[in-house]
Number of protein chains: 2
Amino acid sequence: MPVLSPELRRLIESGPLAHLSTVGADGSPQVSVIWLGLDGDDVVTAHMRRDQLKLRNIDRDPRVVLSFEAPREPGVLMAHHAVLRARATIEGPSEDAWELLNRLAKLYMAPDAEFPAPRGPGYIVRYAVERVGGVGPWAGG
Amino acid sequence: MPVLSPELRRLIESGPLAHLSTVGADGSPQVSVIWLGLDGDDVVTAHMRRDQLKLRNIDRDPRVVLSFEAPREPGVLMAHHAVLRARATIEGPSEDAWELLNRLAKLYMAPDAEFPAPRGPGYIVRYAVERVGGVGPWAGG
């Protein structure tokens, strides 16, 4: 499992929206755009409901892709972005999910934001990254 | 097939990066981040090579998702974005692909940019949009 490079960690910590691709029961792709975080060396997302399509897809097949963009810079041929192939594991229920969402709200909403859903048990998805692709200093790992 | 709303057309014409999700031969998701355009009422992308993984995946299974973001606005819970489920059709080879890439280079690179690959035959992928989701004025169609 590749270790996340400092550049990739910095990109994740800058608050890019993650496009989470899973495969549905009918074999077609399904995409949700979600918040993304780090928990130590791991890439994680958090979810307050267990019955979301994306979590049911992960139950069936844990092979997912997380793709997200670096800030756009004019003039470049292909904007920098990361494409992570990973195996997803669902953890919980616990209040860790709400705590993570409340921490990410400060990044994705506003520095003083509180996550607006009631505090309660939720689910963390942890991603074992198998390949880092895309375009940028993190790609090719 | 839903007609693209004016808001969705405007978003596409603003030059968002498209995350194209296909399904690979092993049944796992595959994602490429690419340029996106309109050809009349159709969503299209262009590709100079036929042997790209994404085109081979479309040959096998034309069910794809295109997801892309609207400009970020601070303070909102979930940033606006579009998720299009579609059936993809590959057209070509023809010089239309290079012409489209050269037109999109003005949007994605710089107003005076020329697409840097040599002019030559390529492939247009045309997307029959089946469902428009995400978060924003275009979602739910």
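Given the structure is predicted, the values throughout are model-derived calculations rather than measurements.

S.K.: Would you mind showing me how to read the confidence of the model for chain A here?
M.R.: Note: predicted coordinates in regions of low pLDDT should not be interpreted at a detailed level. Summarising the model, chain A shows a mean pLDDT of 96, and 99% of its residues fall at 70 or more. The ipTM value of the predicted complex is 0.97, and its pTM value is 0.97.

S.K.: Looking at this structure, how should I read the interface of chain A and chain B?
M.R.: Often the size quoted for an interface is simply the accessible area lost on bringing the parts together. Tallying the contact residues gives 37 residues for chain A and 37 residues for chain B. Of the roughly 3000 Å² buried where chain A meets chain B, counting both sides, 57% is carbon and sulfur surface. Counting the surface chain A buries against chain B, the share from its top three residues, A:Leu17, A:Pro29 and A:Leu77, is 19%. At the junction of chain A and chain B, the tally comes to 2 salt bridges. Residues B:Asp26 and A:Arg63 are paired through a salt bridge, measuring 3.6 Å at the closest nitrogen-oxygen approach.

S.K.: Would you explain the sheet that holds strand β5 (residues 63–69) of chain A in this entry?
M.R.: Hydrogen bonds between backbone groups are what pair the strands of a sheet, and the pairing can be parallel or antiparallel. All names here are of chain A. Strand order in this open sheet of 7 strands is β2-β1-β5-β6-β7-β4-β3, and the pairing throughout is antiparallel. Each edge of the open sheet is held by one strand with a lone partner, namely β2 (29–34) and β3 (37–39). Here the average twist between neighbouring strands, direction ignored, is 40°. With 3 bridges connecting them, β3 and strand β4 (residues 42–47) associate as antiparallel partners. Bridging across to β4, Asp39 finds its partner in Asp42. Strands β3, β4, β6 (81–94) and β7 (122–135) of the sheet are contacted by helix α3 (residues 96–108), whose axis makes an angle of about 100° with β4.

The rules we used
- Residues numbered from 1 in each chain as written.
- Chains lettered and ligands numbered in written order.
- Predicted model: local features only at pLDDT ≥ 70, side-chain atom pairs only at ≥ 80, totals over all residues.
- Heavy atoms only, no water.
- pLDDT = per-residue confidence, 0-100.
- Contact = heavy atoms within 4.5 Å.
- Buried area = accessible area lost by both parts, 1.4 Å probe.
- Salt bridge = Lys/Arg side-chain N within 4 Å of Asp/Glu carboxyl O.
- Pairing = 2+ DSSP bridges.
- Helix = DSSP H or I, 4+ residues; strand = E, 2+ residues; numbered from the N terminus.
- Axes fitted to C-alpha atoms, helices over the stretch in contact; angles between N-to-C directions.

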